[in-house]
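Read off the chains here:
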Amino acid sequence: MRREKEAPWSGILVYVQCRRGELHPCSPELIGEALRLAEQSKEEVWVLGIGSGMEKVQKELQGYPVSRIFLYETDDLFLPGWYASLAAGCIRETRPSVVLIGGTLEGRALAPRLSVEFRTGLTADCTALAMDPDGNLIQTRPAFGGNVMASIVTEKSRPQFATVRPGVMEPVPRGKGFSPVCFVKSVFSEEKTVKITIREDETKGVAIGDCRLLVAAGRGVKKKEDLEMLYHLAEILGGELACSRALVEKGWMPPERQIGISGNSVRPECLITFGISGTVQFMAGMRQAKRIIAVNSDPEARIFQIAHHPICGDLYEIVPELIQSVEKEAGYQSGGV
Ligand SMILES: Cc1cc2nc3c(=O)[nH]c(=O)nc-3n(C[C@H](O)[C@H](O)[C@H](O)COP(=O)(O)OP(=O)(O)OC[C@H]3O[C@@H](n4cnc5c(N)ncnc54)[C@H](O)[C@@H]3O)c2cc1C
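This is a predicted model, so every value here is computed, not measured.

1. Some words on the site of the ligand
Stage number 1. Of all residues adjacent to the ligand, which total 27 residues, the nearest are Ser244, Gln258, Ser262, Ser277 and Asn296.
Stage number 2. In this structure, an oxygen atom belonging to the ligand sits 2.8 Å away from a main-chain N or O atom of Arg245.
Stage number 3. Ser277 places a side-chain nitrogen or oxygen 2.6 Å from an oxygen atom of the ligand.
Stage number 4. Taking 990 Å² as the accessible area of the ligand by itself, protein coverage stands at 77%.
Stage number 5. More than half of the atoms of the ligand fall within 2 Å of the grid points belonging to the second largest pocket.
Stage number 6. Secondary structure elements with two or more residues in the shell around the ligand: helix H6 (245-249), helix H7 (280-283) and helix H8 (315-334).
Stage number 7. Taken together, the residues that form the shell around the ligand break down as 7 nonpolar, 15 polar and 5 charged.

Put into structure tokens, the structure is as follows:
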């Protein structure tokens, strides 16, 4: 649908990452946030997807209460320049006031290209968004190493581009009975200007952003071997082991397991921390956890300020006891009594 060139910038466009028919898990989070913003600004929400397997993507997206869906069936590989040119074409046609993009590797490659193309502002890695009465997007993100939360506004140019960290916003559930208008186009790049090497993810286990239960280890763990008991605890509880940056810096845990501002944002049902003090940089990545149990030997530890269950004590005493009682409970159940 073509609009007049002088049409005002209006509407919220969500870019969803899709590969082989699968939507990136942060897509419902971005759509949910766009719908909340649209309530404030009384605008429409549209979705733009570029990638492969669009038939499946279309069916999936039709479960969300958005007004329009624009899909480009194209090369399976993410070609940043090509994807950016397709996205720019869609934005030129639709003239949204706000464009939300996931803060994924793909989103981080795409968003700067688009903001340069439109000579407008981009705020990366937002953790909160709101609309002011003039339609300006108030984009909040940690700044200066996470010590302050900065609110950034793009007042004079449009569209307003923001990337949003996965795992931070509340996802919208899929529903029935919506009838968004869908535009689907097949276009393939003739020129492959970039060579892309795909590396398999070598980390074992489930990505920490997808876990319902996380055990997190910090500098209170004295030796690398001591992590074994925490890996074991995570396993018998049906979760995964994550960590603070302190352990990544020691080389004891891989960066993929790090929670925090320069790591991953997580929102598990339950997070149990051991020997983590609760710096702003760590807490920026875990505030959305539904239940926080914190074990720390320092009664003044900052993590206790946000923990639902603060436990002051030595992790070297508490972890073995906990393992014993969980195993006893599991044994009791598997005994079929
Ligand atoms: C730009 C920037 C980005 C950063 N990004 C991140 C990030 O993404 N994630 C992150 O985690 N950090 C990040 N940091 C680092 C951050 O500032 C802290 O250094 C780090 O979070 C500290 O980790 P910690 O809580 O494990 O260690 P500490 O702060 O040293 O805390 C260790 C805790 O263990 C407790 N303890 C000690 N022994 C025991 C015991 N036996 N039993 C129980 N408790 C015990 C202590 O009381 C203490 O509270 C970043 C820093 C900068 C500057």
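2. What about the sheet that holds strand E12 (residues 213-217)?
Stage number 1. Spatial ordering of the open sheet is given by E13-E12-E14-E15-E16, a layout of 5 strands whose pairing is parallel. Each edge of the open sheet carries a strand with a single partner, namely strand E13 (240-243) and strand E16 (309-312). Between one strand axis and the next, the sheet turns through 20° on average, direction left out of account.
Stage number 2. Pairing of strand E15 (residues 291-296) with E16 involves 4 bridges; the strand directions are parallel. Note that in E16 the partner of Asn296 across the bridge is Cys312.
Stage number 3. Each of E12, E13 and strand E14 (270-274) touches helix H5 (residues 227-236); the most contacted strand, E13, lies at about 135° to it.

3. Section: the sheet that holds strand E8 (residues 137-143)
Stage number 1. Spatially, E7-E8-E9 is the arrangement adopted by the 3 strands of the open sheet, whose pairing is antiparallel. Two strands close off the open sheet at either side, each with one partner strand: strand E7 (128-131) and strand E9 (148-152). Looking at each pair of strands side by side, their axes are set apart by 25° on average, direction ignored.
Stage number 2. Across 4 bridges, the pairing between E7 and E8 is antiparallel. For Ala130, the partnering residue across the bridge sits in E8 and is Ile138.
Stage number 3. Packing against the sheet, helix H1 (residues 27-41) makes contact with E7 and E8, and its axis sits at approximately 25° to E7.

4. Brief notes about the packing of aromatic side chains
Stage number 1. Evaluated as defined, the whole model comprises 4 aromatic pairs.
Stage number 2. Residues Phe70 and Phe183 carry aromatic rings whose centres are separated by 5.1 Å and whose planes lie at 10° to one another, so their mutual orientation is stacked. Separated by 113 residues along the polypeptide, Phe70 in strand E4 (residues 68-73) and Phe183 in strand E11 (residues 181-186) bring together distant segments of the chain.
Stage number 3. Its relative accessible area of 6% is what places Phe70 among the buried residues.
Stage number 4. Using a relative accessible area of 27% as the deciding quantity, one classes Phe183 as partly exposed.

Criteria and thresholds
Residues numbered from 1 in each chain as written. Predicted model: local features only at pLDDT ≥ 70, side-chain atom pairs only at ≥ 80, totals over all residues. Heavy atoms only, no water. Near = heavy atom within 4 Å. Polar contact = N/O pair within 3.5 Å; in protein donor to acceptor, adjacent residues only side chain to side chain. Areas by Shrake-Rupley, 256 points an atom, 1.4 Å probe, with all protein chains shown as cover. 1 Å grid on protein atoms, 1.4 Å probe; cavity = no way out; pocket = protein on both sides within 12 Å on 5 of 7 lines; lining within 4 Å. Sits in = over half its atoms within 2 Å of the grid points. Helix = DSSP H or I, 4+ residues; strand = E, 2+ residues; numbered from the N terminus. Nonpolar A, V, L, I, M, F, W, Y, C, P; charged D, E, K, R; others polar. Pairing = 2+ DSSP bridges. Axes fitted to C-alpha atoms, helices over the stretch in contact; angles between N-to-C directions. Contact = heavy atoms within 4.5 Å. Phe/Tyr/Trp six-rings, centres within 6.5 Å; stacked < 30°, edge-to-face > 60°. Buried < 20%, exposed > 50% of the residue type's maximum accessible area, 1.4 Å probe, protein only.

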